[in-house]
Amino acid sequence: MPWDEAAVPTLTSPAGGTPLLERTGGHGPHGSGVPQYGRRGAWVIAPRGAYDMDSVAPLAQALDSAVREHPVVVLDASGVTFADSTFLTLLIRAHRSGRLRLVAPSPQVRQICEITGVDGCLDIRDTVDGAVA
């Protein structure tokens, strides 16, 4: 099993109909509190706060659903105050789908991407508008 599959469980979303994320008023399922919205044909996820192995599940579910359901997924990382390797694993998994654009990473997210070299393979943009253009 690849390391990224072992580190982050695959979370599924309900099939058919209006995507659950749209029905919940812009937040993830089950009150996860991960803000999400559609913008010019892309799906934007704007997590806020700290993400580690104990808190990443709602974001993992949001990203997993988004990369399956939308042609372009934008992760606005400007509000992420802490991120560990679990968060980084999510970025890599979403990147493999060919649909992820990382926007305005906070200094902490930028640092973990630079240290690991992931910044060289991710599509990093300055603004949400630039990422959905």
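By the naming in an unreviewed UniProt entry, the protein chain goes by STAS domain-containing protein and is assigned to Streptomyces galbus.

Participant: So what exactly am I meant to see when it comes to the packing of aromatic side chains here?
Facilitator: The geometry of an aromatic ring pair is captured by two quantities: the separation of the ring centres and the angle between the planes. On inspection of all chains with the given rule, the structure shows 1 aromatic pair. Taken together, a centroid distance of 6.1 Å and an interplanar angle of 35° make the contact between Tyr 51 and Phe 87 tilted. Taken together, the residues Tyr 51 in strand β3 (residues 49-51) and Phe 87 in helix α4 (residues 85-96) connect sequence positions 36 residues apart. There is no split in this pair, since Tyr 51 and Phe 87 are both buried.

Participant: Even after reading the chapter, I still don't get the pairing of strand β2 (residues 42-45), so can you show me in this structure?
Facilitator: Put simply, side chains in a regular strand alternate between the two faces of the sheet. Here β2 shows a buried face lined by Ala 42 and Val 44 and a second buried face lined by Trp 43 and Ile 45. Relative to β2, strand β1 (residues 36-39) runs antiparallel, the two being bridged by 4 bridges. Considered in β2, the bridge of Gly 38 is made with Trp 43. Between β1 and β2, which pair antiparallel in sequence order, lie 2 residues; one of them, Arg 40, sits at a positive phi of approximately 45°. One ladder, built from 3 bridges, connects β2 with strand β4 (residues 73-76); its direction is parallel. Bridging from a neighbouring strand, Ile 45 pairs with Leu 75 of β4.

Cut-offs used in this document
- Residues numbered from 1 in each chain as written.
- Predicted model: local features only at pLDDT ≥ 70, side-chain atom pairs only at ≥ 80, totals over all residues.
- Heavy atoms only, no water.
- Phe/Tyr/Trp six-rings, centres within 6.5 Å; stacked < 30°, edge-to-face > 60°.
- Helix = DSSP H or I, 4+ residues; strand = E, 2+ residues; numbered from the N terminus.
- Buried < 20%, exposed > 50% of the residue type's maximum accessible area, 1.4 Å probe, protein only.
- Pairing = 2+ DSSP bridges.

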